[in-house]
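Structure assessment
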Amino acid sequence: MCYHVSEQLKLELIQERFSRQAINRELFEQAFHLTGFSKPYLPVISTHDPKVIDMYRWKLIPHWVKEESDWKANTLNAKGEELFEKGSYKNYWKNRCLLICTGFFEPHHPEGQKKSQSYYIKSKTSEFITLGGIYSVWNNIPTFSIITVPASPLLAEIHNERERMPLILDGDSAEGWLMTDLKQEEMTELMVPYPHDEKLESYRVMDGVTNTRVNTNVEEILKLL
């Protein structure tokens, strides 16, 4: 799963680091914690126009849905193993995007305890981390899902209940993801556990990231507990 991310840095820095201008800038929300369940607009680079950074809304809605209220499926994430067959996603595998964020949160379930702990994962080598996704344009609104894959050793220790992780792409894999002529078998080769755990920093943060009754969009959410 990946339902929680941070966008703590300014859009100007995102533009500088990714050497692209942002469009629909008014939709960008700088935040310490954003949950997908609030359907925020987040900065992405997509195959639609890889030369710009655009704002896509989190939670993919298929183009054929008439009313948003009719769409009850949880499409914040798309399971990589089901991408080419599942009805919610199979029409959009060519619509690929990279979500730009400063990090993401995952739950950890200590043995013998009912309550989960919250961990934050970010890059050691960059201010940003890029996650692979797919998108659908619904009623002129670009909507996206983050792809999930089996967890790397580091993420399996953290997200120990389901052992899943978001698809982290960087370097050549990120560039490859945005190639418009990418074939299904080439996509499958990219949808693997992140092979560079040594490039990631993870630490426990304030618990309750998933608690909607608590305001977690605060600076303290990113501090080491």
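Here, every reference points to the structure presented above.
Quick notes on the rules
Residues numbered from 1 in each chain as written. Predicted model: local features only at pLDDT ≥ 70, side-chain atom pairs only at ≥ 80, totals over all residues. Heavy atoms only, no water. Helix = DSSP H or I, 4+ residues; strand = E, 2+ residues; numbered from the N terminus. Rg over C-alpha atoms; globule rule 2.2 N^0.38 Å. Contact = heavy atoms within 4.5 Å. Areas by Shrake-Rupley, 256 points an atom, 1.4 Å probe, with all protein chains shown as cover. Lys, Arg positive; Asp, Glu negative; His and termini not counted. Charge placed at Lys NZ, Arg CZ, Asp CG, Glu CD. Phe/Tyr/Trp six-rings, centres within 6.5 Å; stacked < 30°, edge-to-face > 60°. Buried < 20%, exposed > 50% of the residue type's maximum accessible area, 1.4 Å probe, protein only. Core = buried A, V, L, I, M, F, W, Y, C linked by side-chain atoms within 4.5 Å.

**As for the overall build of the protein**
Looking only at helices and strands, one finds four helices and 13 strands in the protein. In terms of overall size, the protein behaves like a compact globule, its C-alpha atoms giving a radius of gyration of 17 Å where 225 residues would be expected to give roughly 17 Å. Summarising its shape, the C-alpha atoms of the protein cover approximately 45 × 40 × 35 Å along the three principal directions. Across the protein, the fraction of contacts at a sequence separation of at least 24, relative to all contacts at a separation of at least 6, is 69%. Within the structure as shown, the protein displays about 11300 Å² of accessible surface, and the carbon and sulfur contribution to it stands at 48%. Within the protein, the 32 negative side-chain charges are centred at a point lying 5 Å from the centre of the 26 positive side-chain charges.

**Here's the deal with the packing of aromatic side chains**
By convention here, two paired aromatic rings are described through the distance between centres and the angle between planes. The full count for this structure, using the stated rule, is eight aromatic pairs. Ring centres of Tyr56 and Tyr135 lie 5.3 Å apart, and the angle between their planes is 70°; this geometry places the pair in the edge-to-face category. Of the two residues, Tyr56 is situated in strand β5 (residues 52-58) and Tyr135 in strand β10 (residues 129-138); the sequence distance between them amounts to 79 residues. A relative accessible area of 3% means that Tyr56 is categorised as buried. Judged by its relative accessible area of 6%, Tyr135 is buried. Ring plane angle 90° and centroid distance 5.8 Å describe the contact between Phe84 and Trp93, whose orientation is recorded as edge-to-face. When its relative accessible area of 18% is taken as the criterion, Phe84 is described as buried.

**Things to note about the nonpolar core**
Counting 60 residues, the largest nonpolar core has Val5, Leu83, Phe104, Phe144, Ile147 and Trp177 as its most contacted members. In terms of residue count, strand β7 (residues 96-101) provides more of this core than any other element does, five residues in total. Once you skip the residues sitting within four places of it in the chain, Phe104 turns out to touch Cys2, His4, Val5, Tyr119, Tyr120, Ile121, Ile129, Leu131, Leu155, Pro166 and Ile168. Judged by nonpolar contacts, the second largest core, of seven residues, contains Tyr203, Val205, Val209 and Leu222.

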